[in-house]
Amino acid sequence: MNVKREIGVGVVGLGFMGRTHVAAFRGAHAAGLANKLVAVCDQDPQRRRGVVAEGGNIATGAQSERLFDPDEVKGYERPEQLFADPTVELVSICTHTTSHVDLALAALAAGKHVLLEKPVALDSASAQRLFDAAAKSKGLCMPAMCIRFWPAWAWLRNAIRSGEFGRVRSAVFRRLGNRPGWGAGFYEDYAKSGGALFDLHVHDVDFVRFCFGDPSAVASTGSLDHVTTLYHYPHGPQHVVAEGGWDHGAGWSFKMSFTVVFERATADYEFGRANELVLVQGGSSAPIALEAFNGYDGEVRHLLAAIASGSRKLDATMADALAHTRLIEAERASLEARSVVAFDAR
């Protein structure tokens, strides 16, 4: 979809994710979804001038040189200044998790659309506050669940929903890396980051729900640094597992993968492999062609298209964010109790 009306974009927080969002908006514009970065907000004056250090575990297309021309992009020190800017229509919030809800509420109150980095919140009560406000707001509020928009995962969900290869017998998701070294100590403070359970594992928790709905119970083992969860589905797949950890040592390369066994085929994905997505069926293996963009590109393009068309239908919603926050809370309870915990999404 080509978007001709130029949408003014503001980005709050210019760390790794803020830099990634700026690059994704630039890529969306090149792909025909007209938008323009008009404002940024960060406490660091160097970042406000577009000088942003490298970081992150995935190459996202963001450049290490100056991120934007400071003569063309306004730089604000405080978020409320950016929210008051009439040229900003859409705000990307890429700050630390503990600030997410309050900043999103302020942006919505100012009449802006919001793309909010994950995790939305570390507790369901906070997520509920934002869900309630988003339901009443003029602007859209979309949690940045990029994995839903990553081409291989989008292919997988379509294959599950279509039943092309039969029912799912087993689904295993893995997301393994190092604890982020950026963030000035934020990630080491689990009261603020939630550990790998919330900050990393959230992607696969959300995607499990996206594909199979809410489980009836969870059984989690490990720790906030490294968790493996088995999801119980009385009327669904008998084996659904997600593993997420950031306790690997220096030199470990980030890995994300899935292996899904259907009745008539097996889909296997490994990030960075020559043929990332392979389908095995009928005694042979074949690569699946994927679109040449990442999930950050996909989520930005999806939201820009919705804004331009006036649609309020999103493929990632605050209802989803509230539900997967509750599910992660159940996983944390299972970790602490070292037992199976029943889950009720209500």
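Each remark here, short or long, concerns the structure printed above.
Fair warning: this is a prediction, and the values are worked out from it, not measured in the lab.

Draft legend 1. Local environment of the nonpolar core. By size, the foremost hydrophobic cluster in this structure holds 84 residues, and its most contacted members are Trp 153, Leu 156, Phe 173, Phe 212, Tyr 231, Phe 258 and Phe 262. Filtering out sequence-adjacent residues up to four positions away, Phe 212 remains in contact with Ile 160, Val 168, Ala 171, Tyr 233, Pro 237 and Val 240.

Draft legend 2. Local environment of the pairing of strand β8 (residues 217–222). By the bridge criterion, six bridges tie β8 to strand β9 (residues 226–232) in an arrangement that is antiparallel. Looking at β9, one finds that Ala 217 is bridged to His 232. Hairpin geometry of β8 and β9 is characterised by an intervening segment of three residues between the two adjacent antiparallel strands.

Draft legend 3. Quick look at the environment of His 113. Counting through the fold element by element, His 113 comes out in strand β5 (residues 113–116). Discounting residues that sit within four places of it in the chain, His 113 has contacts with Glu 89, Leu 90, Val 91, Lys 138, Gly 139, Leu 140 and Ile 307. A polar atom in the side chain of His 113 sits 2.9 Å from the backbone nitrogen of Leu 140.

Draft legend 4. Examining the packing of helix α1 (residues 16–30) against helix α10 (residues 295–309) more closely. Between α1 and α10, the least distance of the axes is 9 Å, while the angle of their chain directions is 60°. As the angle between them shows, α1 and α10 are arranged oblique. Crossing hand, α1 versus α10: right-handed. Side by side, α1 and α10 meet where Met 17, Thr 20, His 21, Ala 24, Phe 25, Gly 27 and Ala 28 of the first sit next to Tyr 296, Asp 297, Glu 299, Val 300, Arg 301 and Leu 304 of the second. Its residues assigned to classes, the contact of α1 with α10 shows seven nonpolar, three polar and three charged.

Draft legend 5. The packing of aromatic side chains, seen in detail. A complete count under the given rule lists 14 aromatic pairs for this structure. For the ring pair Tyr 187 and Trp 246, a centre distance of 6.0 Å and an interplane angle of 90° mean the geometry is edge-to-face. Linking Tyr 187 in the loop between β7 (168–176) and α7 (190–193) with Trp 246 in the loop between β10 (239–245) and β11 (255–262), this pair joins segments that are 59 residues apart in sequence. There is no split in this pair, since Tyr 187 and Trp 246 are both buried. Relative to Tyr 269, the ring of Phe 258 lies with its centre 5.4 Å away and its plane at 20°, an arrangement referred to as stacked.

Draft legend 6. Structural view of the side chain of Asp 320. Relative to the helices and strands, Asp 320 is located in helix α11 (residues 318–337). Within the structure, Asp 320 has its side chain in polar contact with the backbone nitrogen of Thr 317 (distance 3.0 Å). If we ignore the near neighbours within four places in the chain, the residues touching Asp 320 are Arg 148, Asp 206, Arg 209 and Asp 315.

Draft legend 7. Seen up close, the sheet that holds β10. Taken together, the nine strands give an open sheet; going across it, the order is β14-β13-β12-β11-β7-β10-β9-β8-β15, and neighbouring strands pair in mixed fashion. In this open sheet, the two strands that pair with only one neighbour each are β14 (284–287) and β15 (341–342). In the sheet, β7 pairs with β10 via seven bridges, with the strands oriented parallel. In the sheet register, Ala 171 faces β10, and the bridge partner there is Val 240. Against the sheet, helix α9 (residues 202–212) makes contact with β7, β9 and β10, and its axis sits at roughly 160° relative to β7, the strand it touches most. Along the sheet face, α11 touches β8, β9 and β15 and points at about 55° away from the line of β8.

Draft legend 8. Up close: the side chain of Asn 35. Inspection of the secondary structure assignment puts Asn 35 in strand β2 (residues 33–41). A relative accessible area of 5% means that Asn 35 is categorised as buried. A distance of 3.1 Å separates a polar side-chain atom of Asn 35 from the backbone oxygen of Phe 25. Polar side-chain contacts of Asn 35 include one of 3.0 Å to the backbone oxygen of Leu 33.

Draft legend 9. Here's a closer look at the pairing of strand β13 (residues 277–281). Examined bridge by bridge, strand β12 (residues 266–270) and β13 share four bridges and lie antiparallel to one another. Among the inter-strand pairings, Asp 268 is bridged to a residue of β13, identified as Val 278. Connecting the antiparallel pair β12 and β13 is a turn made up of six residues, with Gly 272 showing a positive phi of about 90°. By the bridge criterion, four bridges tie β13 to β14 in an arrangement that is antiparallel. Following the sheet pairing, Val 278 is matched in β14 by Pro 287.

Draft legend 10. Here's a closer look at the pattern of salt bridges. Counted according to the given criterion, the structure contains 15 salt bridges. Residue Asp 102 is joined to Arg 129 by a salt bridge in which the shortest nitrogen-to-oxygen separation is 3.3 Å. You can see Asp 102 sitting in helix α4 (residues 100–109) and its partner Arg 129 sitting in helix α5 (residues 124–136), a full 27 residues away along the chain. Assessed through its relative accessible area of 48%, Asp 102 is described here as partly exposed. Between Asp 320 and Arg 148 there is a salt bridge, with its nearest N and O atoms 3.2 Å apart. Here Asp 320, found in helix α11, pairs with Arg 148, found in the loop between β6 (141–143) and α6 (151–162); they are 172 residues apart in sequence, far enough to count as distant. Under the relative-accessibility criterion, Asp 320 is labelled buried at 16%. Accessibility expressed as a relative area gives 5% for Arg 148, which makes it buried. The network of salt bridges with shared partners includes Arg 148, Asp 206, Arg 209, Asp 214 and Asp 320.

Calculation notes
One numbering rule holds for all chains: residues counted from 1, following each sequence as written. Restriction of local features to residues with pLDDT of at least 70 applies here, the model being predicted, together with a cutoff of 80 or more for giving and counting side-chain atom pairs; totals for whole chains, interfaces and linings are based on all residues. Computation of side-chain values: all heavy atoms of the structure, hydrogens and water removed. We define the nonpolar core as a collection of buried residues of types Ala, Val, Leu, Ile, Met, Phe, Trp, Tyr and Cys that are connected through side-chain atoms lying within 4.5 Å of one another. Only protein chains enter the area calculation, which uses a 1.4 Å probe; residues under 20% of their type maximum are buried, those over 50% are exposed, and those in between are partly exposed. By definition, residues are in contact when any of their heavy atoms lie within 4.5 Å. Pairing between strands is defined by DSSP: at least two bridges between them are needed. Comment: elements are numbered from the N terminus, with helices defined as DSSP H or I runs of at least four residues and strands as E runs of at least two. Between N or O atoms, a polar contact is any pair within 3.5 Å; within protein, one atom must be a potential hydrogen donor and the other a potential acceptor, and residues adjacent in sequence are included only when both atoms are from side chains. Angles here are taken between N-to-C directions and fall from 0 to 180 degrees, while the axes themselves are lines fitted to C-alpha atoms, restricted in helices to the stretch in contact. By the definition adopted for this analysis, an angle is roughly parallel if under 35 degrees, roughly antiparallel if over 145, roughly perpendicular if from 65 to 115, and oblique otherwise. Each crossing gets its handedness from the near helix: less than a right angle anticlockwise from the far helix is left-handed, clockwise is right-handed. The nonpolar class holds Ala, Val, Leu, Ile, Met, Phe, Trp, Tyr, Cys and Pro. Asp, Glu, Lys and Arg form the charged class, and all remaining residues, Gly among them, are polar. Stacked, tilted and edge-to-face pairs are distinguished by plane angle, under 30 degrees for stacked and over 60 for edge-to-face with tilted covering the rest, among Phe, Tyr and Trp rings (Trp via its six-membered ring) whose centres lie within 6.5 Å. A pair is scored as a salt bridge if a Lys or Arg side-chain nitrogen falls within 4 Å of a carboxyl oxygen belonging to Asp or Glu.

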